[in-house]
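Fold and geometry: a report
What follows is each chain in one-letter form.
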Amino acid sequence: MSSGGPPSLPLLLALLLLQGDSHRPLRRSKRSWVVTTLELEEEDPGPFPKFVGELFNYMSENTSLIYLISGPGVDEYPEIGLFSIEDHQNGKIYVHRPVDRETTPSFTVRFDVVNRLTGEIMDNSLIFRIRISDVNDHAPQFPEKEFNVSVRAGYAAGQPIFQMSTVDLDQENTPNSRVLYSLVSQTPLLKESGFKIDRNSGEVRLWGCPDHETAPRFTLLIRARDCGEPPLSATATVHVHVQEGNHHRPTFTQDKYQVQIPEGRVLPDVLRLSVRDGDSPFTSAWRAKFNISEGNQEGHFDILTDPETNEGILNVIKALDYEAHPAWSLVIAVDNEEPLSPCAGHALQKPGRAAASATVSLQVTDANDPPAFHPGSFAVIAAEGARPGTPLGRFNATDPDRTGGQIRYKLVHDPASWVAVDERSGAVVTRQHIDRESPYVHNSFYVIIAHAVDDGHPPQTGTGTLTLFLSDVNDNAPALHPRSQYLEVCASSGPEPLLLEAEDRDLDPYADPFTFELDPTQGAAGDTWKLGENRGRSVELVMLRSLPPGDYSVPLVIADRQGLSRKQTVRLRVCSCPGGSACEAEPSAAGLELPVFLFAVFTALAAALLLLLYCACVSAAKRHQAVRPDLREEGQQTLIKYNDESRAAEAQVGSEVKDQMSALQTDTAEEDAKLGAKVSQGTVVPRQALEVRAGAMAETLRQKLCGLDALAYDPGSLPHVYTEEGAWDSTGTLSSLSFSEHSLPSDLTLWPGAKA
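So, how was this worked out
Residues numbered from 1 in each chain as written. Predicted model: local features only at pLDDT ≥ 70, side-chain atom pairs only at ≥ 80, totals over all residues. Heavy atoms only, no water. Helix = DSSP H or I, 4+ residues; strand = E, 2+ residues; numbered from the N terminus. Buried < 20%, exposed > 50% of the residue type's maximum accessible area, 1.4 Å probe, protein only. Contact = heavy atoms within 4.5 Å. Areas by Shrake-Rupley, 256 points an atom, 1.4 Å probe, with all protein chains shown as cover. Patch = residues over 30% accessible without salt bridge, like charges linked within 9 Å, V, L, I, M, F, W, Y side chains within 5 Å. Salt bridge = Lys/Arg side-chain N within 4 Å of Asp/Glu carboxyl O. Disulfide = S-S within 2.5 Å. Pairing = 2+ DSSP bridges. Axes fitted to C-alpha atoms, helices over the stretch in contact; angles between N-to-C directions. Polar contact = N/O pair within 3.5 Å; in protein donor to acceptor, adjacent residues only side chain to side chain. 1 Å grid on protein atoms, 1.4 Å probe; cavity = no way out; pocket = protein on both sides within 12 Å on 5 of 7 lines; lining within 4 Å. Points joined across faces, edges and corners; volume = space filled by probe spheres on them. Nonpolar A, V, L, I, M, F, W, Y, C, P; charged D, E, K, R; others polar. pLDDT = per-residue confidence, 0-100. Core = buried A, V, L, I, M, F, W, Y, C linked by side-chain atoms within 4.5 Å. Lys, Arg positive; Asp, Glu negative; His and termini not counted. Charge placed at Lys NZ, Arg CZ, Asp CG, Glu CD. Phe/Tyr/Trp six-rings, centres within 6.5 Å; stacked < 30°, edge-to-face > 60°.

Check the secondary structure of the protein chain and you find 5 helices and 44 strands. Within the protein chain, the proportion of its 756 residues that are buried is 33%. Long-range contacts, defined as pairs at least 24 residues apart, comprise 66% of the intrachain contacts of the protein chain with a sequence gap of at least 6. Accessible surface for the protein chain amounts to roughly 45,400 Å². Of this, 54% is attributable to carbon and sulfur atoms.

Here you go:
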């Protein structure tokens, strides 16, 4: 078989089998439903029921069918029972009453066919929309029957004054709902002015010039008509009230004014300008509106309107200067709040002339002006610590009234009293050292204010300011911060470092970073303490060994970046901490201050009582001379010879007391040196107690001598003369007063070093 021959029969059969059903020929199917046009006209008068249309289903050719209808207008809201089918054997549709399109413009109903024998639905439901055609059954409606409109006399002709509007409920965009407007009548009807209305938009416009005096009110009858068949219309009334307009310009009663004004003062109501106006008083057409059209470029003046008199009130709101501007000329214009009406005598006027104006000439009178500083404020740089007499600058003030006027300078603000100002020249000099760290200095600035007083009548005063900037010098060594001066540490806390902070009132570069060192001149503090990490403004203090509870001092030397240093002492208390972190409350030296104070008060009272007792003893000795003629017979009341009377005995007694005090202080110092930096441990002997006990010793000595003073008043008990007063014994023997230990205060024996 040649390759170019026709295909064999088996091959053609195979191709047909592969194509299958996908290549079956297409057939046009017949529609099962046929519906005639279903359309209703609204407000149809009948008779009812009235045939609307008919529907047919082709399945009825072979099967007995029943036609069913349902949906809105049949068995659902809004119009139940409006539509029906004549019987179940055909598809004729009827309407049973008139329909209002404005209420329900269409109905969407559902049709079905059912097998009469089995009740089975035989075909898909048919959803159909029944339209209600519009008829012109609604006239246009105005929102109100009457309208009130106000128009000002002289209102510009051709401008709309009111907009009419209506609503037509018929179908939109149809002749039934299109509305046209017309002016039916105007009362009164004038030749000079009137109204017209736009046919399509309903806009009411004015033509001519209405006059309030001629016709204060117009009544317009407006008609709105639709384009339906037959056309329907409605009318409304518009009342137009013509308000009185501004027919008269205000004019000044005089064209020129002259006034004198003192310089340097803000003055209200310096001049009143009266005007005339022919319009009704207290209306916007009568009320005047003033403005300064020329001469007020610097804003020294303003002008207001008096609401009662309609006068213009000229005010000076910015003080005038005679020397700078001795005379002023102002042009003041006046107009009404309401624009001038363009109508006059029912006719349009030509563009109006300019507003009325008047000229005000002001003469500034001279007054004594305060001196003016040049400049008003200035700054000076000075080094901190400047010596007295250092010149800082000079205030310079002049009298603007005349050249060569006498001016006196005086300081009014110098809170630290650092400077003085020369009364005549204004030169400022220091009168004491200046400290940048003073509380009166803020951010290195110190403000000085001076007054310059002229010799006018009355004298006037000007004010000048000198701002002194103080450059820092290194005049403050660093010191411990107050919170680092007194510390507490638990004995059980171990070698945990303490942080010591320092501060310096100077600025950079005279401040931190600081250098911290233990003071080697204050005992062996290095055996107990060492300094750890230096953080610039703080350092760590480390305890090298455990210390028993007590008060300790750590001597330091703190230096700033430039090497300026100061010795500081950290007061540190080692205490027991039962709770683990807080020191147990213990009586401290500060806690003893109140008892010591009370003890001192009681001691002073005792001394006063002893003095009174001494005086009583003297008085009693005088009163009882007759009773005891010879006191020498009593062993306790006689003078005992110890040695020659001389100044050496007095000196020896005083020396012994001083030696006792020196020994006591030496013993205390030796006790302090035993623990190096330890201040005290156990019982503390305050200095006040030593002084009190020394006073007690002196009091005991005085009591021993009290009896001698009493005997001095007895002429029979005169002392024997042993040698001449003031003579020096070459033997160098000294006398002393002996007294038993029991006669001393009981606590005197507790002094350290009192006994061997």
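A word on a nonpolar patch on the surface. Together, Leu 598, Val 601, Phe 602 and Leu 605 make up an exposed nonpolar region whose accessible area comes to about 380 Å². The topology assignment puts Phe 602 in helix H3 (residues 593–623).

Moving on, we get to the state of the cysteines. By definition, a disulfide links the sulfur atoms of two cysteines through a covalent bond. Using the criterion set out here, one finds 1 disulfide in the structure. Here Cys 490 connects covalently by a disulfide to Cys 577, the sulfurs 1.8 Å from one another. Torsion about the S-S bond of the Cys 490 and Cys 577 cystine: about -95 degrees, corresponding to left-handed handedness. Taken together, the residues Cys 490 in strand E37 (residues 486–490) and Cys 577 in the loop between strand E43 (565–575) and H3 connect sequence positions 87 residues apart. For the pair shown, Cys 490 and Cys 577 are each scored as buried.

A few words now on the sheet that holds strand E9 (residues 146–152). Pairing is mixed in the open sheet, where 4 strands are placed in the order E9-E15-E14-E11. For this open sheet the edge positions go to E9 and strand E11 (179–187), each flanked by a neighbour on one side alone. Ignoring which end each strand starts from, the neighbouring axes of this sheet average 25 degrees apart. The sheet contact formed by E9 and strand E15 (residues 233–243) spans 7 bridges and is parallel. Among the inter-strand pairings, Asn 148 is bridged to a residue of E15, identified as His 239.

Moving on, we get to the side chain of Asn 115. If you trace the backbone, Asn 115 turns up in strand E7 (residues 106–115). The class for Asn 115 is buried, based on a relative accessible area of 12%. Here the side chain of Asn 115 touches Leu 117 through a polar contact of 2.8 Å, landing on its backbone nitrogen. A distance of 3.4 Å separates a polar atom in the side chain of Asn 115 from the backbone nitrogen of Thr 118. If we ignore the near neighbours within four places in the chain, the residues touching Asn 115 are Thr 63, Ser 64, Leu 65, Glu 120 and Met 122.

On to empty space enclosed by the protein, then. Taken as a whole, this structure holds 2 cavities of 30 Å³ or more when the rule is applied. Lining the second largest cavity, in full, are Val 489, Glu 496, Leu 498, Trp 529, Leu 541 and Met 543. Looking at the lining of the second largest cavity, its residues break down into 5 nonpolar, no polar and 1 charged.

Moving on: the sheet that holds strand E33 (residues 427–430). Where strands meet in a sheet, backbone hydrogen bonds hold them as pairs that are either parallel or antiparallel. Read across the open sheet, the 3 strands follow the order E29-E33-E32; overall the sheet is antiparallel. Since the sheet does not close on itself, it has two edges, and those belong to strand E29 (391–394) and strand E32 (419–421), each with one partner. Here the average twist between neighbouring strands, direction ignored, is 20 degrees. Pairing analysis gives 3 bridges linking E32 to E33, with the strands arranged antiparallel. The partner of Val 419 across the bridge, within E33, is Thr 430.

Regions with low pLDDT carry predicted coordinates that are not meant to be interpreted in detail. Confidence in the prediction for the protein chain averages 75 pLDDT; 72% of positions are at 70 or higher. Segment residues 1–30 is flagged for pLDDT under 50; beyond a separation of four residues in sequence, or across chains, it makes 2 contacts in the model. Below pLDDT 50 for its whole length, residues 588–592 participates in 0 contacts with residues either more than four positions away or in separate chains.

Grouped together as the largest cluster of nonpolar side chains are 26 residues, with contacts concentrated most on Phe 252, Phe 301, Leu 314 and Val 360. Counting residues per element, the ones that place at least two in this core are strand E17 (256–262), strand E18 (267–273), strand E20 (288–294), strand E21 (301–305), strand E22 (312–316), strand E23 (327–336) and strand E26 (356–365). Among all residues touching Val 360, those that are not within four sequence positions of it are Tyr 257, Val 259, Leu 271, Leu 273, Leu 314, Trp 328, Ser 329, Leu 330 and Ile 332.

Before going further, it helps to examine unusual backbone geometry. Pro 49 follows Phe 48 through a cis peptide bond whose omega is -5 degrees. By secondary structure assignment, the location of Pro 49 is in the loop between strand E2 (39–41) and strand E3 (50–57). In the segment running from Glu 229 into Pro 230, the intervening peptide bond is cis, with an omega of -5 degrees. Unusually for a residue other than glycine, Phe 282 sits at a positive phi of about 60 degrees. By the element assignment, Phe 282 lies in the loop between strand E19 (275–276) and E20.

To continue, consider the pattern of salt bridges. Under the defined criterion, the tally for this structure stands at 18 salt bridges. Among the ionic pairs, Arg 272 bridges to Asp 269, the shortest N-O distance being 3.4 Å. Take Arg 272: its relative accessible area is 33%, and that puts it in the partly exposed class. Across the pair Glu 488 and Arg 573 runs a salt bridge, and its minimum N-O distance is 3.0 Å. Of this pair, Glu 488 sits in strand E37 while Arg 573 sits in strand E43, placing them 85 residues apart in sequence. For Glu 488, a relative accessible area of 48% puts it in the partly exposed group. Residue classification places Arg 573 among the buried residues on the basis of a relative accessible area of 16%.

Turning our attention to a positive patch on the surface. A grouping of Arg 178, Arg 199, Arg 223 and Arg 225 is seen on the molecular surface, where their side chains present a positively charged patch. When you line up the elements, Arg 199 lands in the loop between strand E12 (193–197) and strand E13 (203–208). According to the relative accessible area criterion, Arg 199 is partly exposed, its value standing at 48%.

Turning our attention to the packing of aromatic side chains. When we look at a pair of aromatic rings, we describe it by the centre distance and by the angle of the planes. With the rule as written, the count across this model stands at 13 aromatic pairs. An angle of 55 degrees between the planes, with centres 5.4 Å apart, marks the rings of Phe 147 and Phe 162 as tilted. Of the two residues, Phe 147 is situated in strand E9 and Phe 162 in strand E10 (residues 160–163); the sequence distance between them amounts to 15 residues. Geometrically, the ring pair formed by Trp 418 and Tyr 446 is tilted, given 4.6 Å between the ring centres and 40 degrees between the ring planes. One end of the pair, Trp 418, is in the loop between strand E31 (407–413) and E32; the other, Tyr 446, is in strand E34 (residues 445–454), with 28 residues separating them in the sequence.

Structurally, Glu 584 is set in the loop between E43 and H3. Classification of Glu 584 as partly exposed rests on a relative accessible area of 39%. The residues touching Glu 584, leaving out its near neighbours within four places in the chain, are Arg 573, Ser 576 and Pro 578.

This paragraph deals with the pairing of E15. Pairing geometry for strand E14 (residues 217–226) and E15, over 9 bridges, is antiparallel. By the bridge assignment, Arg 223 is partnered in E15 with Thr 235.

With that settled, consider the environment of Pro 230. Secondary-structure assignment places Pro 230 in the loop between E14 and E15. Of the residues examined, Pro 230 reaches a relative accessible area of 53% and is grouped as exposed. Separated by 95 residues in sequence, Pro 230 and Val 135 have C-alpha atoms that sit 9.4 Å apart.

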